[in-house]
Amino acid sequence: QRACLTGRVLSSSSSSNETFLEEVRYSPRLVAKAVHLFRHPLDNVVSRFHLALKQAGGGGRKDLVVLPNNVTGFQEWCR
């Protein structure tokens with residue numbers, strides 16, 4: 001299968017309140033155009049920094065040190 005025709009959708013079970021990711025396949029007839037998004041590499045680094053802050057602040061990861069959400073915290077995180 002072509003990867004461009006697959007995706008994931010968040011589904012919920014009708015018998016319980018659980019949610020899960022379900023892999024779906026789309027028909028090639030639905031695709032008329034494609035859009036390629038390009039991002040600057042530093043945008044990705046900043047996004048990873050924000051994700052690390054979110055994970056550390058939410059208590060989900062005990063091994064992450066909480067850093068300030070500013071230039072100083074970003075620079076410390078990059079070291």
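What comes next concerns the included structure.

## Notes on the packing of helix α1 (residues 41–57) against helix α2 (residues 71–78)
- Running from N to C, α1 and α2 cross one another at 95 degrees; their axes reach a closest spacing of 11 Å. The orientation of α1 relative to α2 falls into the category roughly perpendicular. Between α1 and α2, the residues in contact are V45, V46, R48, F49 and A52 and G73, F74, W77 and C78, respectively.
- Split by residue class, the contact of α1 with α2 holds 7 nonpolar, 1 polar and 1 charged.

## Brief notes about the packing of aromatic side chains
- All told, the structure shown has 3 aromatic pairs when counted by the stated rule.
- Taking the centre distance of 5.4 Å and the plane angle of 80 degrees together, the rings of F49 and F74 count as edge-to-face. Of the two residues, F49 is situated in helix α1 and F74 in helix α2; the sequence distance between them amounts to 25 residues.
- Looking at F49, the relative accessible area reads 2%, which means it is buried.
- Feature note: the residues F49, F74 and W77 constitute an aromatic cluster, connected by ring pairs.

## Points about the environment of L67
- Relative to the elements of secondary structure, L67 occurs in the loop between α1 and α2.
- In this structure, the C-alpha to C-alpha distance between L67 and F49, residues 18 residues apart in sequence, is 9.7 Å.
- Excluding its chain neighbours within four sequence positions, the residues that come into contact with L67 are F49, L53, G73, E76 and W77.

## Topic: the environment of Q55
- Mapping Q55 onto the fold places it in helix α1.
- Taking the C-alpha atoms as reference, Q55 lies 9.2 Å from V66; in sequence the two are 11 residues apart.

## Concerning the side chain of S11
- Looking at where S11 falls in the secondary structure, it is placed in strand β1 (residues 6–12).
- Here S11 falls in the buried class, since its relative accessible area comes to 15%.
- Only 2.9 Å separates the side chain of S11 from the side chain of E22, close enough to count as a polar contact.
- In contact with S11, other than residues within four places in its own chain, are E18, T19, F20 and E22.

## Brief notes about a nonpolar patch on the surface
- Together, Y26, L30 and V31 make up a nonpolar patch on the protein surface, roughly 330 Å² of accessible area in all.
- Judged by its relative accessible area of 46%, V31 is partly exposed.

Calculation notes
- Here the residue index of a chain counts from 1 through its sequence in written order.
- At least 70 in pLDDT is required for a residue's local features to be given in this predicted model, at least 80 for side-chain atom pairs to be given and counted, and no such filter applies to totals for whole chains, interfaces and linings, which use all residues.
- The side-chain figures draw on all heavy atoms in the structure; neither hydrogens nor water molecules are used.
- Lines fitted to the C-alpha atoms define the axes, with helices restricted to the stretch that makes contact. Angles between their N-to-C directions range from 0 to 180 degrees.
- The helix count covers DSSP runs of H or I at least four residues long, the strand count covers runs of E at least two residues long, and both are numbered beginning at the N terminus.
- Note that the term roughly parallel is reserved for angles under 35 degrees, roughly antiparallel for angles over 145, roughly perpendicular for angles of 65 to 115, and oblique for everything else.
- Only heavy atoms matter for contacts: two residues are in contact if any of them lie within 4.5 Å across the pair.
- Think of it as three bins: nonpolar holds Ala, Val, Leu, Ile, Met, Phe, Trp, Tyr, Cys and Pro, charged holds Asp, Glu, Lys and Arg, and polar takes everything else, Gly as well.
- When the centres of two rings from Phe, Tyr and Trp lie within 6.5 Å, Trp using its six-membered ring, the rings pair. Their planes under 30 degrees apart give stacked, over 60 give edge-to-face, and anything left gives tilted.
- Any residue under 20% of the maximum accessible area for its type is buried, any over 50% is exposed, and the rest in between are partly exposed; the area is computed with a 1.4 Å probe on protein chains only.
- In protein, a polar contact requires one atom able to donate a hydrogen and another able to accept it; more generally it is a pair of N or O atoms within 3.5 Å, and residues adjacent in sequence count only if both atoms are side-chain atoms.
- For patch detection, residues must exceed 30% relative accessible area and be free of salt bridges, and they are connected within 9 Å for like charges or within 5 Å for nonpolar side chains (Val, Leu, Ile, Met, Phe, Trp, Tyr).
- Residue burial considers only the protein chains on display, and all accessible areas are found by Shrake-Rupley using a 1.4 Å probe.
- Any carboxyl oxygen of Asp or Glu within 4 Å of a side-chain nitrogen of Lys or Arg constitutes a salt bridge here.

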